[in-house]
Amino acid sequence: MASFDVLEPSSLDEAFSLLDPEDPAVRPIGGGTALMLMMKAQVYRPRRLVSLRRLDGMFSGIDLAADGRAFRIGAMTTFAALEHSREIAAKLPVIPRTMKTLANVRVRNVATVGGNLAHADPHLDLPPVWLALDAKAKIVGPRGERVIPVADIFVGYYETTIANDELIAEIEVPVRAGWRSHYVKVTTRAAHDWPALGLTLSLLLDGRTIKDARLVLSAAVDCPLRLTDAEAMLKGGEIGPDLLKRAGEAAAVQPDIESDSRGSEDYKRHLLKVHLGRAIEAMAAE
Ligand SMILES: Cc1cc2nc3c(=O)[nH]c(=O)nc-3n(C[C@H](O)[C@H](O)[C@H](O)COP(=O)(O)OP(=O)(O)OC[C@H]3O[C@@H](n4cnc5c(N)ncnc54)[C@H](O)[C@@H]3O)c2cc1C
């Protein structure tokens, strides 16, 4: 492996001066779990890695707003910190539940919220959950900062709207009264495989009536995708076999799905129909 530098700036200005907007061989590094895999596979050869570990302030910590209506989560927060946060478990139980299906303890101890979003592999488990929860990301760079919906980070397979000299600093996740969320990871061979399909549901229920819904498909598509046709069909409906069948059909026809080693296009559309109905029934029965 060719040699490269790892630098640890202690201020944002220093970090920006070390990043290079033109050179993809210069990258920020969070936990390093995705970068190391790409370097071992020799698909990425860095010249310089800029570690974010000494940047504190907005990059670290999990804070619940005084009015309890939103979390601020620093981009360098590890998955283990998220998994074991009592406040997150109490207000966003879908997060620790999703963690149980994600990688292993060693990866969760180092992988970070920011690195996971910036990596933009559509098979990752948490990005679609943030999207269903209506989270926003703060992006900082030498030209200033911007706050965007998490959905606007992704443009395609491993492609994002974040420039080479920009950083994800933190995310903001609303705590929405009455909403329940659930992530379904469908693997077609072993349980620890990458998913053939990920489905995140966020529902506002009144008994068996769906007052509002956010549904996000991942893994079977290039980047996390809102299933807006099915959402519109579910909104205001009473949960029952007819509604779930129609919503499953609407969900299955909307996305562009491709066949791959985890299943054919038809099979994944079938999985989507079946798992959407099952998950909604299970959430209503909770
Ligand atoms: C053995 C193994 C099993 C795994 N299993 C799963 C799994 O089941 N489910 C799952 O979802 N994931 C899984 N992962 C992937 C893991 O979730 C990602 O590797 C991880 O989320 C990336 O986070 P990181 O902090 O290590 O990122 P890094 O490797 O540090 O960085 C990844 C990318 O993000 C960029 N980056 C990092 N931080 C920032 C930032 N703050 N702002 C802008 N760009 C940034 C880097 O330049 C790089 O391009 C697995 C990984 C391993 C090694």
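Residues numbered from 1 in each chain as written. Predicted model: local features only at pLDDT ≥ 70, side-chain atom pairs only at ≥ 80, totals over all residues. Heavy atoms only, no water.

> Would you explain the pairing of strand E2 (residues 26–29) in this entry?
Side-chain positions along a regular strand alternate between the two faces of the sheet. Pairing of E2 with strand E3 (residues 48–51), which is carried by four bridges, proceeds in the parallel orientation. Residue pairing for E3: Val 26 is matched across the bridge by Arg 48. In terms of handedness, the path from E2 via helix H2 (residues 33–40) over to E3 forms a crossover that is right-handed. (Pairing = 2+ DSSP bridges. Helix = DSSP H or I, 4+ residues; strand = E, 2+ residues; numbered from the N terminus. Right-handed = clockwise from strand over helix to strand, strands pointing away.)

> Where do I start with the sheet that holds strand E7 (residues 144–149) in this structure?
Each strand in a sheet pairs with its neighbour through backbone hydrogen bonds, running either in the same direction (parallel) or in the opposite one (antiparallel). Taken in spatial order, the five strands of this open sheet run E4-E5-E10-E6-E7, and their pairing is antiparallel. The open sheet is flanked by strand E4 (62–64) and E7, the only strands paired with a single partner. The sheet shows a mean angle of 20° between the axes of neighbouring strands, direction not considered. Of the strand pairs in this sheet, strand E6 (residues 136–141) and strand E10 (residues 167–174) are connected by five bridges, and their pairing is antiparallel. In the strand pairing of E10, Lys 136 is matched with Glu 172. (Axes fitted to C-alpha atoms, helices over the stretch in contact; angles between N-to-C directions.)

> Quick question: what am I supposed to make of the packing of aromatic side chains here?
Each aromatic ring pair is summarised here by two numbers: the centre-to-centre distance and the angle between the ring planes. Enumeration according to the criterion identifies one aromatic pair in this entry. Each ring, one from Tyr 157 and one from Tyr 158, has its centre 5.1 Å from the other, and the planes form 75°; the classification is edge-to-face. According to the relative accessible area criterion, Tyr 157 is partly exposed, its value standing at 43%. (Phe/Tyr/Trp six-rings, centres within 6.5 Å; stacked < 30°, edge-to-face > 60°. Buried < 20%, exposed > 50% of the residue type's maximum accessible area, 1.4 Å probe, protein only.)

> Would you mind going over unusual backbone geometry with me for this structure?
In most cases, non-glycine residues show a negative phi, while peptide bonds are predominantly trans. Phi is positive for Ala 120, which is not a glycine, with a value near 55°. Tracing the backbone through its elements, the reader meets Ala 120 in the loop between helix H7 (113–119) and helix H8 (126–132). The buried category is assigned to Ala 120, whose relative accessible area is 3%. Its identity is not glycine, yet Asp 134 carries a phi of approximately 70°, on the positive side. Considering the arrangement of structural elements, one finds Asp 134 in the loop between H8 and E6. On the basis of relative accessibility, which here comes to 31%, the residue Asp 134 falls in the partly exposed class.

> Just to check I follow, could you spell out the layout of surface pockets for this structure?
Taken as a whole, the largest pocket spans an internal volume of roughly 1300 Å³. Forming the boundary of the largest pocket are 49 residues, of which Thr 33, Ala 34, Gly 115, His 119 and Leu 124 lie nearest the centre. Those elements giving two or more residues to the lining of the largest pocket turn out to be E2, H2, H7, strand E9 (159–160) and E10. Here the element with the most residues in the lining of the largest pocket is H2; it accounts for six residues. For the lining of the largest pocket, the per-class residue count stands at 25 nonpolar, 15 polar and nine charged. (1 Å grid on protein atoms, 1.4 Å probe; cavity = no way out; pocket = protein on both sides within 12 Å on 5 of 7 lines; lining within 4 Å. Points joined across faces, edges and corners; volume = space filled by probe spheres on them. Nonpolar A, V, L, I, M, F, W, Y, C, P; charged D, E, K, R; others polar.)

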